[in-house]
Amino acid sequence: MHRPPKDAFSYIRRHGRATKAQTSALLTLKQRYRVNLEAVLATETPIGIEIGFGMGQHLCVWAQARPDWCLIGIELYEPGIGSLLAELEREQIANVSYSDLPAQLFLADIPNERLHEVRIFFPDPWPKKRHHKRRLIQPEFIDSLARVLPTGAEVWLATDWAEYGDWIAECFHNNPHFDLVANQYRGPGDDPASNASDGIELQRERTKFEQRGERLGHAIRDLIFARSDLSHTPSSSHG
């Protein structure tokens with residue numbers, strides 16, 4: 001199966017310092033919850049993915065709200081993976097698995113139109129201009145998202161970095177395969193539990209990175225893009 005070469009994108013696998021609980025989960029649960037993508041794709045179950053799930057709080061809440069979906073979390077940060085695994089085991093959440101592949105490689109293994117929703121909350125903004133090439137959101141990456149999503153499926157993103165929010169909006173705007181359906185700003189003093197944008201109510205679990213941004217006085221920006229008409233699907237080896 002064709003994959004992009006590893007040097008086609010830039011990423012850093014951060015290890016960090018794991019707690020005892022996270023280390024124990026990594027040692028005992030990694031294989032149990034690692035995604036068996038072939039088995040998942042063989043079913044007709046709706047599939048959602050969260051790219052960069054952090055410590056896993058939102059992914060677990062999403063899974064409990066969508067018990068009929070198969071959710072896959074993608075994360076490179078080992079303490080975050082350990083945190084997710086511990087929570088899945090503690091709460092006996094059965095519809096979540098994870099991948100520690102870079103998102104670009106993971107998406108390369110997904111057939112056309114097979115995902116139902118993608119969520120990307122608080123990706124690393126790489127604020128220095130010379131590091132912008134390391135940002136996850138790039139024109140080529142958005143083409144990959146367009147390929148794996150059917151008409152109407154959504155990509156939900158959030159950031160607390162204003163310039164990155166503008167970057168995300170511009171990259172999606174320049175792609176003919178997506179339409180903007182929600183563009184929500186929330187200041188540090190606003191209600192975090194419920195936001196409305198263009199008549200759409202946005203509700204999600206606040207992440208550790210979001211709370212840090214709020215403490216720093218950053219506004220939170222949520223953007224939702226829907227896959228537009230599939231008459232123009234980006235080309236792929238999956239065909």
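Residues numbered from 1 in each chain as written. Predicted model: local features only at pLDDT ≥ 70, side-chain atom pairs only at ≥ 80, totals over all residues. Heavy atoms only, no water.

Inspection of the entire model under this criterion finds 7 salt bridges. Ionic pairing is found between Glu87 and Arg90, a salt bridge with its closest N-O pair at 2.4 Å. Of this pair, Glu87 and Arg90 are both found in helix 4 (residues 78-91), 3 residues apart, which corresponds to roughly one turn of the helix. On the basis of relative accessible area, Glu87 is assigned to the partly exposed category, the value being 22%. Residue classification places Arg90 among the exposed residues on the basis of a relative accessible area of 55%. Taking the shortest distance from any N to any O, the salt bridge between Arg135 and Glu163 comes out at 2.5 Å. (Salt bridge = Lys/Arg side-chain N within 4 Å of Asp/Glu carboxyl O. Helix = DSSP H or I, 4+ residues; strand = E, 2+ residues; numbered from the N terminus. Buried < 20%, exposed > 50% of the residue type's maximum accessible area, 1.4 Å probe, protein only.)

Following the criterion strictly, the structure yields 4 aromatic pairs and no others. Their ring planes at 55 degrees and their centres at 6.4 Å tell us that Trp62 and Trp69 sit as a pair that is tilted. Exposure remark for Trp62: the relative accessible area of 4% places this residue in the buried category. Under the relative-accessibility criterion, Trp69 is labelled buried at 10%. Summarising the aromatic geometry, the rings of Phe121 and Trp156 are spaced 5.4 Å apart at their centres and angled 85 degrees between planes, so their arrangement reads as edge-to-face. In this pair, Phe121 is assigned in strand 4 (residues 117-121) and Trp156 in strand 5 (residues 154-159), connecting sequence segments 35 residues apart. Of the two residues examined, Phe121 and Trp156, each falls in the buried class. In this structure an aromatic cluster arises from ring pairing among Phe172, Phe178 and Phe225. Against the face of Trp62 rests Arg119, its NZ or CZ located 3.9 Å from the ring centre. Its guanidinium or amino end placed over the ring of Trp167, Arg135 lies 4.7 Å from that ring's centre, counting from NZ or CZ. (Phe/Tyr/Trp six-rings, centres within 6.5 Å; stacked < 30°, edge-to-face > 60°. Lys NZ or Arg CZ within 6 Å of the ring centre and 35° of its normal.)

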